[in-house]
Amino acid sequence: MLPAGSMGVRKISHPLLLVRNLKKYFPIKAGVMQKVVGYVKAVDGVSFDVYRSETFGVVGESGSGKTTMGLSILRLIEPTEGEIIFDAPSEVMMEIKKLETKERLSDRDKKRLEELKKRYDLMKKDKKEMRSIRRKMQIVFQDPYTSFNPRMNMRDNIGVILKTHYPELSGKDIDERVLELLEKCGLAKRHLRRFPHQLSGGELQRASIARALALNPEFIVMDEPTSALDVSVQAQILDLMQELQKDMKLTYLFISHDLSVVHYISDKIAVMYLGNIVELGTTEQVFEEMKHPYTKALMESIPYPDPDKKGTIKPLYGTIPSPRNPPPGCKFHTRCPYAKDVCKKLAPPLVDVGDGHLVACWKYVEGAYK
Amino acid sequence: MSIRDYIIRRIILTVFIIIGITFITFILMHALPVDLAAMYAGNPRDNPATEINEAEMMLKAAREKFGLDKPLWVQYGYYLYNLFLKFDMGISMRTHKPVGEEIANRLPATLELIIVSIVIALVAGVAVGVISAKKQNKFTDHLMRIISISGVSLPAFWLAILLQFIFGSVLGWFPISGRYDPQLFHQHPFNTITGFYLIDTLIQGNFTMFGDVAWHLVLPAIAMASYPFGAIARMTRATLLEVMDEQYINAARAMGLPKKIITKYALKNALGPTLTITGLNFAYMLTGAFYVEWIFGWGGIGWFAGMALLNLDYTVIMGMVVVVSLFYVIVNLVVDIIQAYIDPRISLGEKA
Amino acid sequence: MEDVILSVENLTVDFYTYEGVLHVLDDVNFKIKRGEIFGLVGESGCGKSVTSRLIMGLVANNANIRSGRILFNGKDVLKMSESELNRIRGKEISMIFQNPIGSLNPVFKVKDQMINVIMNHQEVDKDTALDKALKLLKLVNMPDPERVLESYPFELSGGMAQRVMIAMAISSKPKLLIADEPTTALDVTIQAQILKLIKELQEKLGMSVLFITHDLGVVAQLCDRIGVMYAGSVVAYGSTYNILKNPKHPYTMGLMGAIPRPEHKGKPLPSIKGSVPNYLDPPKGCRFHPRCQYAMEICKKEKPRMVKVGENHYVACWLHGGEED
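Below: a short report on this structure.

1. Description of the overall build of chain A
Here is step 1 of the chain: On a plain count of helices and strands, chain A comes out with twelve helices and eleven strands.
Here is step 2 of the chain: In terms of overall dimensions, chain A is globule-like: its C-alpha atoms have a radius of gyration of 22 Å, near the 21 Å expected for 370 residues.
Here is step 3 of the chain: C-alpha extents for chain A along the principal axes are approximately 70 × 60 × 60 Å.
Here is step 4 of the chain: The proportion of buried residues among the 370 residues of chain A is 54%.
Here is step 5 of the chain: Of the charged side chains in chain A, 58 are positive and 48 negative; the average position of the first set lies 5 Å away from that of the second.

Printed below as a string of structure tokens:
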């Protein structure tokens, strides 16, 4: 195995976002009094770090909880549990990371860690504080058609956000700022007065990105931003995203079901299955040294546009179980060709298989896979 | 949610709905600047011949009898107590008879009328809606549109008078008032069992009277059916056209399925909104029957409620409010259950 | 000529809308041979789905077929009456769609829908039809087929619903199966299962498949020959291998380039600039010229003809002066 340093130049960077044990459970109600009889565990305890100016890719199929996770991080839906430490000074981030990895924590360390986390944990912020933090974190949705108000033109659709956060801006200021944003995203003055239905899918997605940039954010959740677009338009949007990332030092959480897109754009990748991260690592680690059977199966299912590879796809057996009633143990065991007894009983932990490459599979837990 | 759980839940909700509605009505009635007891005892100023004292005494007695001299919240508490635990809605100020009895005596006449009307409206409305949708934007569609829009826009009382005049008075095809012909009734008498005369005559094998009752129903039922017919026809056309654009209809056509099956496929999907609007109209007709019942001398509950309103017969108004809300709840419940039966995607109590 | 099952010739179709006349299909030509999988590839709005619907004889009210014919087994589908069409639809030509759950009627059980289809084309009673339905579901590798028969469509996953659609489509052993983006709405692992199933069935039943998709990856996996469509015309036509390995039309080249691949990592993707033209007023000449980096004067004036640029590889582009087909 190659050491991480040899895989291209690692940017020296600090974390912008630490997500710890994030959970989102949706209650299932039944009976006369609508009592809660169970939960859909859409996101079931995920933890990861996102570094500044990097693109963190999240890939998974429907029901994996990737979109719920993205919305939970922004607290656009309220997470059930977990810590979301965002935008702390780099010394604080490093200290938190150091304390977390320490073998044995003294009481003082524990107290210090708690205190540090508390100060920057989004879960601890009230509505007013969240509103000002939201300027720094934005989201771009999959369907640009439904994410704009159809009765407002683009100037108003974007301007309303500026006006909300900066009520002192004059109409002319907003005109100028919106135009500047649109131009940055490859649109022109003529798009200002157009309504959403008068723009093509690609143009609208550019406008969505312009809107996300309106408040000068540091962090943008990209929720399948190109899934509704054609390949040729997708390429334009991906290019635009990368250009903006370089110019504005943006950090992306890129959510997608399309492995080729995630591979192309991400620095790090988390693979999700039924609310859990099953594999996490740098793009090289995940794509070239993939460890988890699900990641492998995903790769083997992708049809590559290369006629030399005709007939090489290997379908994975079965379907994704319902998140209402997930299988016990490792949630993937019902479809896994390597499943053994232990997989059916216990959920595997995320273990480091080298250089921060994390895998949740009993195969990689020493002595457990029997 | 299971059907049993759902029904229990709805019944619990209904109790709260009735408390809320009676409360509002109660407050409104007492906010009126009139003496509610006057209807019962008669206003002493209306009757100068009587001794002033005697009239005042009667009025005072009436106030005491109905508890109108007590604080408002005590009055309301008594009302709820009597309603829920004794099923007693008090005595009518106007007729001096128990409200429950008065309503129960008149309810079947109205129910019979509106059930017949809604059946007419549903059958004709769905038929017209289907034909319109099939001939979209053709002459037939335009013609049907005129008919159904006339249905919703013509006032029921005007239509009632018109029908009565043309088919009753001028042409003499149908009787102009009443639920049956009294002369014929003397020759072929029948007992009132359910109060639904169509059923009563039928179970007693009295086909002569059955025909007579049905004949009497025609004009008022048509007058009552005109609005729901128009609404149902418009709704059926609109939803059917929407459904015909759905992927599964395309797929069914691509499989070469014949028109008959395609219509069946589409209609079952389009029925939901039609049922909802039918249910709404059905419940609305209970009170909306006032004019038609008046014009055709029907003696049903619509007419009775109208009289109560005009005379500020406060116990009857409260009673009517309870009965009408119950009726609304029941009709809605039935519509919901039918919907869930037709469309398996709708699970009761959850948003579809 | 080889054994051709379907031949689309000079198909030009307009659509009347409130905004005006949409000039959608512009001289579409392709042929599908017996027993092959032919792919019709293009981005959204290129006219590939319209073409497939026309083949099924599902002509919209506002369509105006200006020229062309669609020969299925030598007979022009466009000239058939509705009852003639209904004898072919679902029997000789079947179709499956992009949204499998939406393609099944939501208020009837799978069982009833399958029985309707089977009894429509085959002289069997209800019990036999039910029996056949079960066998068909087994043929498409449906897990737990007995339970699926008793289910409503909303109780099925996308993959299962597509298997039901496929089972219905092959119930009368059609000669041609039209698959209109059948895997686009499915997850990638389920897509792989469905692609494999279509391939297996095609071999087992010896039918032809017209596979319509925007995904060049799927095409490379599955199709023997393809037609690449752009803005209502077929711009490249021939063997999948030659077209994808050695694309000659600038649009095909652009499409292949725009797919994100590992080797592009860290570099901007070579995308096709601009967007798909408006059918109200499509560009004159070659409809691709406003987006084409090689556009010449002639491209703006005259529509290029199909020319042969290699073994089993044809393109409609003025850059190539090869022999005319």
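Picking up where we left off.
2. Some points on the interface of chain B and chain A
Here is step 1 of the chain: Opposite the five residues of chain B that make contact, chain A presents four residues.
Here is step 2 of the chain: Counting the contacts that link chain B with chain A gives zero salt bridges.
Here is step 3 of the chain: Where chain B touches chain A, the interface holds zero residue pairs in polar contact (both at pLDDT 80 or more).

3. Points about helix 14 (residues 301-310) of chain B
All names here are of chain B.
Here is step 1 of the chain: Summarising burial for helix 14: seven of the ten residues are buried, a large majority.
Here is step 2 of the chain: If you check which residues of helix 14 are buried, you get Ile-301, Gly-302, Phe-304, Ala-305, Gly-306, Met-307 and Ala-308.
Here is step 3 of the chain: Phi for Leu-312, located one or two positions after helix 14, is positive at around 50°.

4. Focus: the interface of chain C and chain A
Here is step 1 of the chain: On the side of chain A, 41 residues touch chain C, which itself brings 42 residues to the contact.
Here is step 2 of the chain: Roughly 3,400 Å² of surface becomes buried between chain C and chain A when both sides are summed, with 58% attributable to carbon and sulfur atoms.
Here is step 3 of the chain: Applying the counting rule to chain C against chain A returns three salt bridges.
Here is step 4 of the chain: Across the pair Asp224(C) and Lys310(A) runs a salt bridge whose closest N-O atoms are separated by 3.2 Å.
Here is step 5 of the chain: Between the two partners, chain C and chain A, sit 25 residue pairs in polar contact (both at pLDDT 80 or more).
Here is step 6 of the chain: Mapped onto the side of chain C that touches chain A, the elements with two or more residues apiece are helix 8 (188-205), helix 9 (216-222), helix 10 (240-245) and helix 11 (250-258) of chain C.
Here is step 7 of the chain: Among the elements that line the side of chain C that touches chain A, the one with the most residues is helix 8 of chain C, at eight residues.
Here is step 8 of the chain: Within the side of chain C that touches chain A, the residues separate by chemical class into 20 nonpolar, twelve polar and ten charged.

5. A short note on the sheet that holds strand 9 (residues 276-282) of chain A
Residue and element names in this part refer to chain A.
Here is step 1 of the chain: Taking strand neighbours across the sheet as the criterion, the eight strands line up as 5-6-7-3-8-9-11-10 in an open arrangement whose pairing is mixed. Looking at strand neighbours, the two that pair on one side only are strand 5 (137-140) and strand 10 (351-352), the edges of this open sheet.
Here is step 2 of the chain: Where strand 9 lies against strand 11 (residues 358-359), two bridges are found, and the strand directions are antiparallel. For Glu-279, the partnering residue across the bridge sits in strand 11 and is Val-359.
Here is step 3 of the chain: Contacts from helix 1 (residues 66-73) reach strand 3 (55-59), strand 5, strand 6 (219-223), strand 7 (251-256) and strand 8 (268-273), with the element oriented near 150° to strand 7.
Here is step 4 of the chain: In the packing of helix 11 (residues 293-301) onto the sheet, contacts are made with strand 8 and strand 9, and the angle to strand 8 comes to roughly 100°.

Parameters at a glance
Residues numbered from 1 in each chain as written. Chains lettered and ligands numbered in written order. Predicted model: local features only at pLDDT ≥ 70, side-chain atom pairs only at ≥ 80, totals over all residues. Heavy atoms only, no water. Helix = DSSP H or I, 4+ residues; strand = E, 2+ residues; numbered from the N terminus. Rg over C-alpha atoms; globule rule 2.2 N^0.38 Å. Buried < 20%, exposed > 50% of the residue type's maximum accessible area, 1.4 Å probe, protein only. Lys, Arg positive; Asp, Glu negative; His and termini not counted. Charge placed at Lys NZ, Arg CZ, Asp CG, Glu CD. Contact = heavy atoms within 4.5 Å. Salt bridge = Lys/Arg side-chain N within 4 Å of Asp/Glu carboxyl O. Polar contact = N/O pair within 3.5 Å; in protein donor to acceptor, adjacent residues only side chain to side chain. Buried area = accessible area lost by both parts, 1.4 Å probe. Nonpolar A, V, L, I, M, F, W, Y, C, P; charged D, E, K, R; others polar. Pairing = 2+ DSSP bridges. Axes fitted to C-alpha atoms, helices over the stretch in contact; angles between N-to-C directions.

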